[in-house]
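Analysis of the macromolecular model
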Amino acid sequence: MFIFLIAQQRTHWILSQIQFFLYFLKKKSFSDVSLFRNTFLFIINPEEETVLSKGWMSFILLTYVECLWTVFSLELVVAEYHRKIKEAFEVFDHEANNTVDVREIGTIIRSLGCCPSEGELHDLIAEVEEEEPTGYIRYEKFLPVMTEVLLERRYRPIPEDTLLRAFEVLDSSKRGFLTREELIKYMTEEGEPFSQEEMEEMLSAAVDPESNSIHYKDYIAMMVVDES
């Protein structure tokens, strides 16, 4: 029984360490592999009085390898996100000085497949602005915040079928389209109203100039973000 209790205690301790590493992966730097490695070496420190069986050693080393592979995989994901963020940012960096007009941030974020509400966008801008706002956002402040947003998969776009059902509710006559006037009414008077800038951006993309209406199935197909 005594040996069993020691083994059980040891199991809980090792699992708690693994839980810590998983937390570390989520919250800390993905590139700081050295701290991760040194902490794991502490677990199998030969100077420790407790002698681990070959089974425990294999379990720990296997977990170590799996965690290192997770770190490596996350680093690849982060590198790809950094590339996409940089490309999107540079489109609006007209002076090539690693800054963009704060009014372009919403467009940049949406081009990266995120669809924050107006309130969420304001919160995000407040997070990347200078203490004394200048009207411009620096790339070095935007990059880590946007990377975290993409890693946490925040502000995901509404699924295509949900968007279609929403338009069909508005289109009570089942015509397959809404007029420009109907669209403006719904978008500015119902729910969380669009700003003037958002409304103009939507109208320019959604409304067919010949019929002055929005064929919402075509518009939804154009809106849906490819997340691959």
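This text goes with the structure placed above it.
Residues numbered from 1 in each chain as written. Predicted model: local features only at pLDDT ≥ 70, side-chain atom pairs only at ≥ 80, totals over all residues. Heavy atoms only, no water.

A word on helix α9 (residues 196–206)
So the rule is basically this: Burial status follows relative accessibility: with a 1.4 Å probe on protein chains alone, a residue under 20% of its type maximum counts as buried, one over 50% as exposed, and anything between as partly exposed. Helical segments are the DSSP runs of H or I of at least four residues, strand segments are the runs of E of at least two, and each set is numbered from the N terminus. As used here, the arc is the angular range of directions from the helix axis to the C-beta atoms.
Turning to α9, its buried residues are Glu198, Met199, Met202, Leu203 and Ala206. For α9, the angular spread of buried residues about the axis comes to 130°, placing them on one side. In α9, the exposed positions angled more than 90 degrees off the buried face are occupied by Gln196, Glu197 and Ser204.

What to know about the packing of helix α5 (residues 118–128) against helix α6 (residues 139–151)
Put simply, the test is: Lines fitted to the C-alpha atoms define the axes, with helices restricted to the stretch that makes contact. Angles between their N-to-C directions range from 0 to 180 degrees. Comment on the angle field: the value is read as roughly parallel under 35 degrees, roughly antiparallel over 145, roughly perpendicular from 65 to 115, and oblique elsewhere. Here a residue-residue contact requires only that any non-hydrogen atoms of the pair lie within 4.5 Å. Side-chain classes follow a simple rule in which Ala, Val, Leu, Ile, Met, Phe, Trp, Tyr, Cys and Pro form the nonpolar group, Asp, Glu, Lys and Arg form the charged group, and the remainder, Gly included, forms the polar group.
Running from amino to carboxyl end, α5 crosses α6 at an angle of 140°, the nearest separation of the two axes being 9 Å. If you check the angle between α5 and α6, you find them oblique. Counting all contacts with α5, which are made through Leu124, Glu127 and Val128, the residues of α6 involved are Lys141, Phe142, Val145 and Val149. Of the residues in the contact of α5 with α6, the class split is five nonpolar, no polar and two charged.

What about the packing of aromatic side chains?
Each aromatic ring pair is characterised by the separation of its centres together with the angle its planes make. Operational definition: Aromatic pairs are defined between Phe, Tyr and Trp rings, using the six-membered ring for Trp, whenever the two ring centres lie within 6.5 Å; interplanar angles under 30 degrees are classed as stacked, those over 60 as edge-to-face, and all others as tilted.
For the coordinates displayed, the defined rule picks out four aromatic pairs. Geometrically, the ring pair formed by Phe89 and Phe142 is tilted, given 5.7 Å between the ring centres and 35° between the ring planes. Of this pair, Phe89 sits in helix α3 (residues 54–91) while Phe142 is found in helix α6, placing the two residues 53 residues apart along the sequence. Like Phe142, Phe89 is buried. Through successive ring pairs, a cluster of aromatic residues spans Phe89, Tyr139 and Phe142.

Everything listed here is a matter of geometry and, on its own, says nothing about what the molecule does.
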